[in-house]
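# Tertiary structure, described
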Amino acid sequence: VGHILEESSRIKAAKETLKAEMQQADGQLVQKQETIRKKQEQLRQFQPGSREYKELEAEIAQDISNLKVEATLKRKEFGERQSQFLYNAYKEIEQEVQSLAAERGFVMVLRISRAEVPQENLEAVYAYAGKNVVWSDGRYDITNEILSRLERRAGYGANPNMGSRPTIPMQPRR
């Protein structure tokens, strides 16, 4: 699943779109921060305690409060969008796996990771040591076939990285 999420052209494009939207939103927040900073500099022109000082100080406090709320809401919105996007992608992968399993007569498809684990990353080593599937014959790995099907369905050409995980055709079981 992780390999497919990383290699799918459509998923990569959607991630890039979301990333660009997040960067645009961050840029808008930075502009608002700059506006607040300028108001804070302007505040120095007034005598502390004066009416102008108090009014601008209250305006700055309100701007800061509004900016914090806006930033929190944006983070939440993008988190929800990313979560929904990943959920939909996973469901699509799951449906394609079900379809291929039905075609080939599989009774079970296990999730497995063939990614190399960096020895210096303790957390990754623990995750690797605790994986459920200790070994499997790579000839039966359907990951690239699922990725290929998803790419074709989405209108993308064949993925050039797909040669790294060969699969062999199997006859359906009866």
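Residues numbered from 1 in each chain as written. Predicted model: local features only at pLDDT ≥ 70, side-chain atom pairs only at ≥ 80, totals over all residues. Heavy atoms only, no water.

## Let's talk about the overall build of the protein
Across its full length, the protein holds five helices and zero strands. Traced from its N-terminal end to its C-terminal end, the protein shows the element sequence α-α-α-α-α. Across the 174 residues of the protein, 25% fall into the buried class. Taking the contacts inside the protein whose residues are at least 6 apart along the sequence as the reference set, 70% of them involve residues at least 24 apart. Here the protein displays about 12,600 Å² of accessible surface, and carbon together with sulfur accounts for 52% of that area. (Helix = DSSP H or I, 4+ residues; strand = E, 2+ residues; numbered from the N terminus. Buried < 20%, exposed > 50% of the residue type's maximum accessible area, 1.4 Å probe, protein only. Contact = heavy atoms within 4.5 Å. Areas by Shrake-Rupley, 256 points an atom, 1.4 Å probe, with all protein chains shown as cover.)

## A few points about the pattern of salt bridges
Once their charged atoms are close, side chains differing in charge can pair, the charge on each being opposite to the other. Scanning the model with the defined rule gives 17 salt bridges in all. The salt bridge partner of arginine 10 is glutamate 92, with a shortest N-O separation of 2.3 Å. One end of the pair, arginine 10, is in helix α2 (residues 9-43); the other, glutamate 92, is in helix α3 (residues 51-104), and 82 residues separate them in sequence. Under the relative-accessibility criterion, glutamate 92 is labelled buried at 18%. Residues aspartate 63 and lysine 39 are paired through a salt bridge, measuring 2.6 Å at the closest nitrogen-oxygen approach. Separated by 24 residues along the polypeptide, aspartate 63 in helix α3 and lysine 39 in helix α2 bring together distant segments of the chain. (Salt bridge = Lys/Arg side-chain N within 4 Å of Asp/Glu carboxyl O.)

## Some thoughts on the packing of α3 against helix α5 (residues 143-154)
For the pair α3 and α5, the least separation of the axes is 10 Å and the interaxial angle reads 115 degrees. Crossing hand, α3 versus α5: right-handed. For the pair α3 and α5, contact is made by Glu92, Ile93, Glu96, Val97, Ser99, Leu100, Glu103 and Arg104 and by Glu145, Ile146, Arg149, Leu150 and Arg153, respectively. (Axes fitted to C-alpha atoms, helices over the stretch in contact; angles between N-to-C directions. Left-handed = near helix turned anticlockwise from the far one by under 90°.)

## A few points about the side chain of asparagine 144
Checked against the element boundaries, asparagine 144 lands in helix α5. Residue classification places asparagine 144 among the buried positions, given a relative accessible area of 4%. At 3.2 Å, the side chain of asparagine 144 forms a polar contact with the side chain of histidine 3. (Polar contact = N/O pair within 3.5 Å; in protein donor to acceptor, adjacent residues only side chain to side chain.)

## So, the environment of valine 125
Here valine 125 shows up in helix α4 (residues 122-129). The class of valine 125 is partly exposed, set by a relative accessible area of 32%.

## Here's the deal with the nonpolar core
In this structure, Ile4, Ile93, Ile142 and Ile146 are the most contacted members of the largest nonpolar core, which totals 14 residues. If you list the elements that add at least two residues to this core, you get α1 (2-7), α3 and α5. In terms of residue count, the dominant contributor to this core is α3 (six residues). (Core = buried A, V, L, I, M, F, W, Y, C linked by side-chain atoms within 4.5 Å.)

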